[in-house]
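Spelled out from the first residue to the last, the chains are:
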Amino acid sequence: MSGRLLKKVLQEHEESKLRNHPDEELENEEEDDDEHLGDSVGGRSSINPFDLLNDGDEDPDSEKETEVDDESIVEKKDEDLHPASKNKSKKKKKKKNKETRSNVAKAEIDLDETLEALSLDVNSKKQEKIQETKALGESSKKAPSRSALEIDPKYLNLENELKRMYGSKVVRSLESSSQGGGGPGGSSRQGRLGRRGVHHITKTVLISPMENWARWDRSFSMEFLETKDGCNYFRYTHSSSYEQAQRAFQAAQATHDLNGVASVLRNHPYHIDSLITMADYFKFTGEHEMAADAIGKCLYGLERAWHPMFTPFQGNCRLKFSHETNKPFFTTLFAHMRNMDRRGCHRSALEVCKLLLSLDTDNPVGALFCVDYFALRAEEYAWLEQFSEEYQSDNSLWLLPNFSYSLAIARVYLEKMESSSTHVDTSKSSSLDLMMQALKLHPTVLKKLVDKVPLKDQAWTKILKHSYFRSDESKNPSLDHLIKIYVERNYLIWRLPDVQKLVGSAADLVIKSLEENKSEAEDFFRAREEAFPAKKNEYSHLSTHDFSDSMPTLPPDNLQNFVAADPRMGGEQVAAGGGGQHQAPLPRPRDLANRNALAVLFESILPWAQYGDGDDEIEHDAHHQPDNNG
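One structure accompanies this document, and this report is about it. (Residues numbered from 1 in each chain as written. Predicted model: local features only at pLDDT ≥ 70, side-chain atom pairs only at ≥ 80, totals over all residues. Heavy atoms only, no water.)

## Looking at the overall build of the protein chain
When helices and strands are tallied, the protein chain shows 24 helices and three strands. Expressed as a percentage of the 630 residues in the protein chain, the buried residues total 40%. In the protein chain, the proportion of contacts linking residues at least 24 apart, taken out of those at least 6 apart, comes to 70%. (Helix = DSSP H or I, 4+ residues; strand = E, 2+ residues; numbered from the N terminus. Buried < 20%, exposed > 50% of the residue type's maximum accessible area, 1.4 Å probe, protein only. Contact = heavy atoms within 4.5 Å.)

And the structure:
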């Protein structure tokens, strides 16, 4: 077949394809026909065969460039081979270019409109988020989302709160000075640490353990009992060695033998009852740092024994006080809470108090009668209101003397916070109404507080002359005991001017209200009788002293409750009748000269107390002690 005839056949074939295929496939068809044509006429292919090896590795941009180059080459060949269809293909290309430009312009317009709409949506969402944040901030003041008894572990650390109050530098300097001999027993602790050596000690949440504490001996543990009403119940269990130590402690306790207690601790450094006894002794002798150290050891051992499922900070674990082995944990936590209060760490004390309430909702140690005090001192006013609404008890909490007055005081400061913001909670009763209700329900509190604070203004004398506030006894044993606890625990709060102003205004209004309605006093009397129906004191197991700020000390004549005769005492025996004479204690190293002599003497028999090289001297004096019976 001649070349001219071949060209003609190929041209007719190409035109038939253009008529049968749509416009969007025109470009691909032209490219395929030109490739076949190039092969037929013996021309060189525009595609390098070696490029096919990397065909799968090419990116989309390179593929587009290749397609454009191939298309231009095909068009050029087509023009050379088909001069008759040159004008027709140019017209189609121009038309296609116009459509492409219009589509690109339209796409740009659509993109601009979309971006504008998105920016509007973003701005509107930002404004909504800002409004939601403000609303959440306002609602958090009146109703926190967390459960009232959920504990925040970061507030349990005493050192963290001290650093927040005084700064890290001050706390570190105080710690270094106490360890260097500035504090009680500082140099002796440092010496003991050097002699005994440093070992790794596991960190805990309730207490920050010291490196010179003994290793955890695993003498007791915790077992899981059951799951009831969504709460897990646990109990401490003792090993055989711990039970043996417990029997030795009870024998020493029966004879008031402090040396026997120290002997138990020498072999069992984490015997809880022995550590609590030593803490009580140090507290009575004024050695508060040593008392806190003994309580810290108790907490360290008790936490190391926790069951893996025991997660008390979430408020879903129960440790019933009715189990004998669980009681030391409550005693230790309560003592630790008091130590925090003594150091001014009320936020940490509040968290420990919440832990006590969550472990046993029966309130066995009276944590319910001091939680309001710690909440007010820590300025957790909204939490106190939430807690009073959520906590489940036999009676409403506002019927208790401490909550009836503390809720009114908390409302005073919440009203101040709300007045400075745009949100005002109108669903709550005013502080004045709450204080009037508290005075009507528990009028005997006023006279006790005026004497305890004291409030010496003549206005208070005038108020107390009224018959409703004249008495300080309600003739209800349970209620009177709770009022004594409240006055002893919360009297410091009544020294605040805002509180005094509120109580004075509320008392005047109560007097006017009672004069207008004579039966109102009788109504509140019946409410008290229904809330506290028992004729005997249901809270006699709670000592008023446990809720006091004062630190008691025992005179030397009463220390026989802690110690009996011992041959190593060097003649310093306390007579049971109080008529014995106290000889001067043995001289100690010079760094202990300014400490309580009696406290140092008894401290020397503890397993963690070592003082220089005085052992030979003590042993020598033990063989030459005077005969107390002669």
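## Re the nonpolar core
By size, the foremost hydrophobic cluster in this structure holds 128 residues, and its most contacted members are Phe329, Phe387, Leu446 and Trp494. When residues of this core are assigned to their parent elements, the largest contribution, nine residues, is made by helix H16 (residues 401–419). Each of domain 1 (145–171 + 202–365) and domain 2 (369–555) contributes no fewer than three residues to this core. Leave out the neighbours within four places in its chain, and Trp494 touches Tyr405, Ile409, Leu446, Leu449, Val453, Leu455, Tyr486, Val499, Gln500 and Val503. (Core = buried A, V, L, I, M, F, W, Y, C linked by side-chain atoms within 4.5 Å. Domains from an automatic or database assignment.)

## Looking at the sheet that holds strand S2 (residues 231–238)
Overall, mixed pairing links the three strands, which are arranged S1-S2-S3 in an open sheet. Pairing within the sheet leaves two strands with one partner each, and these edge strands are strand S1 (220–228) and strand S3 (317–318). Two strands pair when backbone bridges link them, and S2 and S3 are joined in this way by two bridges, in the parallel orientation. In the sheet register, Tyr233 faces S3, and the bridge partner there is Arg318. (Pairing = 2+ DSSP bridges.)

## Quick word on helix H10 (residues 272–284)
Here H10 is 13 residues long and its end C-alpha atoms lie 19 Å apart, about the 18 Å a rise of 1.5 Å per residue gives. Buried residues dominate H10, accounting for 12 of its 13 residues. Three or more residues of H10 are buried, namely Ile272, Asp273, Ser274, Leu275, Ile276, Thr277, Met278, Ala279, Tyr281, Phe282, Lys283 and Phe284. Looking at the residues trailing H10, positive phi occurs at Gly286, about 85°. (Expected span 1.5 Å × (residues − 1).)

## Considerations on the pairing of S1
Pairing of S1 with S2, which is carried by eight bridges, proceeds in the antiparallel orientation. Of the residues in S2, the one forming a bridge with Phe224 is Phe234. If you look at the hairpin formed by S1 and S2, you'll find two residues sitting between the two strands, and Asp229 has a positive phi there, around 55°.

## Comments concerning the pattern of salt bridges
For the structure on display, the rule yields 21 salt bridges. Put simply, Lys448 and Glu473 hold a salt bridge, and the shortest N to O gap is 3.7 Å. Here the residue Lys448 occupies a position in helix H18 (residues 444–452), and Glu473 occupies one in the loop between helix H19 (458–464) and helix H20 (477–490), the gap between them amounting to 25 residues. Its salt-bridge partner being Glu488, residue Lys452 comes within 3.4 Å of it at the nearest N-O pair. (Salt bridge = Lys/Arg side-chain N within 4 Å of Asp/Glu carboxyl O.)

## What to know about the environment of Leu333
As for its position among the elements, Leu333 is in helix H12 (residues 327–342). The spatial distance from the C-alpha of Leu333 to the C-alpha of Val352 is 6.9 Å, given a sequence separation of 19 residues. Once you skip the residues sitting within four places of it in the chain, Leu333 turns out to touch Leu206, Leu299, Val352, Leu355, Leu356 and Leu359.

## Describing a nonpolar patch on the surface
On the surface, Met165, Tyr166, Val170 and Leu174 cluster together to form a nonpolar patch covering roughly 390 Å² of accessible area. Mapped by element, the contributors of at least two residues to the nonpolar patch are helix H5 (158–166) and helix H6 (168–179). Turning to its location among the elements, Met165 is positioned in helix H5. (Patch = residues over 30% accessible without salt bridge, like charges linked within 9 Å, V, L, I, M, F, W, Y side chains within 5 Å. Areas by Shrake-Rupley, 256 points an atom, 1.4 Å probe, with all protein chains shown as cover.)

## Observations concerning the side chain of Asp341
With respect to the helices and strands, Asp341 occurs in helix H12. At a separation of 3.1 Å, a polar atom in the side chain of Asp341 contacts the side chain of Arg489. When near neighbours in sequence (up to four residues on either side) are disregarded, Asp341 contacts His346, Ala349, Tyr373, Phe374, Arg489 and Asp549. (Polar contact = N/O pair within 3.5 Å; in protein donor to acceptor, adjacent residues only side chain to side chain.)

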